[in-house]
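# Descriptive structure summary
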Amino acid sequence: MPLLTSDSTSGQVAEHLGALATKVDEIAQRAGVSAAARLDLQTTLAALPWPSRRRLGLVLESARVSTSDKAVREAVAVMLDVAADVWARTPPPDERDND
């Protein structure tokens, strides 16, 4: 997904994306997601159970509405898009186990 920023702010967006990815990993770790299921952002997002997906969505939306920093808003928008894409393709683990 291409970023919508100029070159001068794309570095800032990348930094914010890194911080958001760290937050995703923290939420997954607290949810009991194993280290093996947290190898990269997409596998981590896919391994999140429903309550943690909801919590992450709320954290991201809160960050988006509470900042005036364009780079933060853009990083959050990218992270929300990635999460939505992963979650559309992968039901939460507890729902997968019931299939």
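Per chain, residues are indexed from 1 in the order of the written sequence. Reporting of local features is limited, given that this is a predicted model, to residues whose pLDDT is at least 70; pairs of side-chain atoms are given and counted only at 80 or more, and all residues count toward the totals for whole chains, interfaces and linings. To get the side-chain values, take all heavy atoms of the structure and skip hydrogens and water.

## Here we look at the overall build of the protein chain
Stated precisely, the cut-off is as follows: Going along the chain from the N terminus, every DSSP run of H or I of four or more residues is numbered as a helix, and every run of E of two or more is numbered as a strand. Exposure is judged per residue with a 1.4 Å probe applied to protein chains only, and the accessible area is read against the type maximum: over 50% gives exposed, under 20% gives buried, and values in between give partly exposed. We call two residues contacting when some pair of their heavy atoms lies within 4.5 Å. With residues, only the protein chains shown are counted as cover, and all accessible areas are computed by Shrake-Rupley using a 1.4 Å probe.
Within the protein chain, the regular secondary structure consists of 5 helices and 0 strands. A total of 99 residues make up the protein chain; the buried ones form 30% of that total. Put simply, 60% of the contacts in the protein chain that link residues at least 6 apart link residues at least 24 apart. With an accessible surface of roughly 6,000 Å², the protein chain has 54% of that area assigned to carbon and sulfur atoms.

## Some words on the side chain of S52
The topology assignment puts S52 in helix α3 (residues 50-65). Of the residues examined, S52 reaches a relative accessible area of 4% and is grouped as buried. In contact with S52, not counting residues within four places along its chain, are I27 and A31.

## A short note on the pattern of salt bridges
Applicable threshold: In the sections that follow, a salt bridge refers to a side-chain nitrogen of Lys or Arg positioned within 4 Å of a carboxyl oxygen of Asp or Glu.
Applying the stated criterion to the full structure yields 5 salt bridges. For E26, the salt bridge goes to K23, with nearest N and O atoms at 3.7 Å. Pair noted here: E26 and K23 are both in helix α1 (residues 7-30), with a separation of 3 residues, about one helical turn. Look at E26 and you get partly exposed, because its relative accessible area is 33%.

## Regarding the confidence of the model for the protein chain
In plain terms, the rule: Confidence of the predictor at the level of single residues is given by pLDDT, which spans 0 to 100.
Mean pLDDT for the protein chain: 89, with 87% of residues reaching 70 or above. Mean pLDDT across the elements of the protein chain bottoms out in helix α5 (residues 93-97) (65) and peaks in helix α2 (residues 41-47) (97). Low pLDDT (under 50) marks residues 1-5, which in the prediction has 10 contacts with non-local residues, meaning those over four places away or in another chain.

## Some details on the nonpolar core
One broad trend across soluble globular proteins is that nonpolar side chains are buried collectively. Short version of the rule: Among buried residues, the Ala, Val, Leu, Ile, Met, Phe, Trp, Tyr and Cys ones that are joined through side-chain atoms within 4.5 Å form a nonpolar core.
The biggest cluster of nonpolar side chains holds 21 residues, and the ones touching the most others in it are L17, L20, L45, L48, L56, L60 and M79. Those elements that provide at least two residues to this core are α1, α2, α3 and α4 (70-89). Per-element accounting of this core gives the leading share, 8 residues, to α4. In contact with M79, other than residues within four places in its own chain, are L17, L20, A21, V24, L41 and L60.

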